[in-house]
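The chain contents come next:
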Amino acid sequence: MLDLIIPSMMTMMTAATPLIFAATGELVCEKSGVLNLGVEGMMLVGAVFGFIGATVTGDAYVGFLIGGFSGIMASLIFAVLTLLLVSNQVATGLALTIFGTGLSALVGADYVGETIDRIRPLYVPNAADGPNVIQLFLGHDPVVYLGVLVLLACAGFLSRSRWGMILRAVGDSDVSAHAIGYPVIRIRFAAVAFGGLMAGLGGAYLSLAYTPLWAENMSAGRGWIALALVVFASWRPIRVLFGAVLFGGITIVQLNAQAIGLGIPGAVMSMLPYLATIVVLVLISSNATRIRLNAPACLAQPFRPER
Amino acid sequence: MKILHRVAVALFATLLSFGVSTSASADKTKVGFIYIGPPGDHGWTYAHDQARLEIEKELGDQVQTTFVEGVPEGPDAERAIAKLAQTGHKLIFTTSFGYMEPTLKAAKRFPDVKFEHATGYKRADNVATYSARFYEGRYVQGVIAGKVSKSGVIGYIASFPIPEVVRGINAFMLGAHTQNPNIKVKVVWVFSWYDPGKEADAAKVLMDQGADIITQHTDSTAALQAAADRGIHAFGQASDMIQFAPKTQLTAIIDAWGPYYVARTKALLDGSWKSQDTWDGMGAGMVVMAPFTNMPSDVAALAQKTYDDLRTGKLHAFSGPINDQSGKQVVAAGAVADDGMLAGMNFYIEGIDGELPK
């Protein structure tokens, strides 16, 4: 039994990692009051440029950083449009996803079928000994740990630090924050860029470690799951961690169920994350205080500094 | 405003062209291809594209080829096929099962254009069908897996529950049973032909459950690479994938469409093209095995012998007695399954656990 559970848990953790990155970034972004629906597009941009970076430099870690950087670049397009030109955030975010999907397919066309030296796990037990518990904690690649660390750091930043409070204040009442004298637009720019960085890194993880290759549209809806995850977690970072393992794990559980021979249709399982999100949305809206506690009040609202 | 207008026109033109890439110039007979994935998948589409290049090589002075890649199975496919027909292509290969209805619809609209639909079963006066007996290759893989697997569990990544795929699973098990009657196969359906992420997930899950050999009926190299990461063996699919997993690939089924494509193009040029159904296997060289690697020499010799016997017709992959899952005999001892049964195969043979999804 242990032989089945440990590898399955390992696989679930790697499935959760791209979601942890993308959702943490989106959470910080949304906490500042900006709704960026372009996560899927930014992930694809990060995946393709990360892969190209790794191919060109021969180092997967350099590719990983390039992936993150390209995520920032993609998010800055969004930031300029929505924050400076005050375009509609929902429409711009959707456009960013469509743009990112197309751009990544175009740029990556020559790299389909290339191989790279992937990001490798820290510790691989002797295959003959079978899986062991140490592997569960040390057997992942470094990016998995980085994802959890960044998430914890964001949790601390948002709840304990002065700048975290300012960021939340901007998201809860941009007008008041502006009146006190905080640079609302600049803070939101930084939050959007952070969201882009994280989505880019999450995407790069896909093409550099998860399935070390580039394929068109390879994020396969993970950006949307990350968006759903932020709502599911009701804007609490720690819940993002559990949600990511749950959402990422559902695919793995679904495939496991098939291999064992349980007749659950795969399509039902892939609906579950979204169903869970709808349930959470209903729960949130049934209780007004919960909204006030966690959801940023100014989410997706345009802000024009008057003076 | 003028500049904006120009940009819009340019964008529109780009959209219209739908990623059609054409080589060479006018005055040549145009042959078109519709691909389900990118030619760089190094699997199914790659094999078709290699065959397209063979046409260019053999008949390049008379023929120019065009392909449209990544065409989803559905309404978009008909548009893409019709687009090729409208732009003067005289012979169009539609290379995925799901293009069957779109091909027939387009064929009705363009009676002067000849169509070749891969792996389908519906024909028309200007629509021919062709497929390869990949199950012969699956049988060879089964023989190898039965001999090499230590855990006795094989992981099988399947795409859609259609006869083509079910036939492959059965043939694989028939081959495996000749070496190890107790061998088990775990089948995971990913409901996609090409989704590297999901294929890799499926491979990981199967390995988590104790499979020590992975085989796939999907198009990417992801599963093979996932197997390589864990240091177990796997089979390549549709083309020789050894470069992606030099220490992992046991062999691969290579889809050798080239000779058929060249012959059909020649038939179009000399006017002898007729609608027909072609189902060739190892004997005709449409299914080829990649070198037998990463296995002991006795296994390689056994695999080679099986390959040779299938090729010369001494052996049929579906030789009786064969029972289905309920124990009912479907092929009698001494008989072989006829093409009708093979083409419509919708049951698992005895020895496979689990149910076919509906």
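This is a predicted model, so every value here is computed, not measured.

1. So, the nonpolar core
Okay, so step 1: Judged by nonpolar contacts, the single largest core of 194 residues is most densely connected at A:L229, B:V188, B:I214 and B:A223.
Okay, so step 2: Per element, the largest residue contribution to this core is 15 residues, and it comes from helix α9 (residues 184-210) of chain A.
Okay, so step 3: Here this core spans two domains, and each of domain 1 (2-132) and domain 2 (134-256 + 286-343) of chain B adds at least three residues to it.
Okay, so step 4: Beyond its immediate chain neighbours, meaning those up to four positions away, B:I214 contacts B:G155, B:I157, B:A203, B:L206, B:M207, B:A223, B:A227, B:I232 and B:A234.

2. Comments concerning the sheet that holds strand β9 (residues 213-216) of chain B
All names here are of chain B.
Okay, so step 1: The sheet built from 6 strands is open, its strands ordered β8-β7-β9-β10-β11-β13 with mixed pairing. Each edge of the open sheet is held by one strand with a lone partner, namely β8 (184-189) and β13 (287-289). Each neighbouring strand pair of the sheet contributes to a mean axis angle of 15 degrees, computed without reference to strand direction.
Okay, so step 2: In this sheet, β8 lies alongside strand β7 (residues 153-158) in parallel orientation, the contact comprising 6 bridges. Within β8, the residue paired with V153 across the bridge is K184.
Okay, so step 3: Packed onto the sheet, helix α8 (residues 222-229) meets β7, β9, β10 (233-238) and β11 (249-255) and runs at close to 165 degrees relative to β10.

3. Some thoughts on the interface of chain B and chain A
Okay, so step 1: Facing 31 residues of chain B, the contacting portion of chain A comprises 28 residues.
Okay, so step 2: With 10 residues, the top contributor of residues to the side of chain B that touches chain A is helix α7 (residues 196-208) of chain B.

4. Observations regarding the domain arrangement of chain B
Residue and element names in this part refer to chain B.
Okay, so step 1: Taken domain by domain, chain B holds domain 1 (2-132) and domain 2 (134-256 + 286-343).
Okay, so step 2: Taken over C-alpha atoms, the centre of domain 1 sits 30 Å from the centre of domain 2.
Okay, so step 3: Across the contact, 13 residues belong to domain 1 and 17 residues belong to domain 2.
Okay, so step 4: Considering each element in turn, the side of domain 1 that touches domain 2 owes the most residues, 4 residues, to helix α2 (residues 44-59).
Okay, so step 5: Among the residues making up the side of domain 1 that touches domain 2, the classes are represented as 7 nonpolar, 5 polar and 1 charged.

Rules behind the numbers
- Residues numbered from 1 in each chain as written.
- Chains lettered and ligands numbered in written order.
- Predicted model: local features only at pLDDT ≥ 70, side-chain atom pairs only at ≥ 80, totals over all residues.
- Core = buried A, V, L, I, M, F, W, Y, C linked by C-beta atoms within 7 Å.
- Buried ≥ 20, exposed ≤ 12 C-beta atoms within 10 Å, placed from the backbone.
- Helix = DSSP H or I, 4+ residues; strand = E, 2+ residues; numbered from the N terminus.
- Domains from an automatic or database assignment.
- Contact = placed C-beta atoms within 7 Å.
- Pairing = 2+ DSSP bridges.
- Axes fitted to C-alpha atoms, helices over the stretch in contact; angles between N-to-C directions.
- Nonpolar A, V, L, I, M, F, W, Y, C, P; charged D, E, K, R; others polar.

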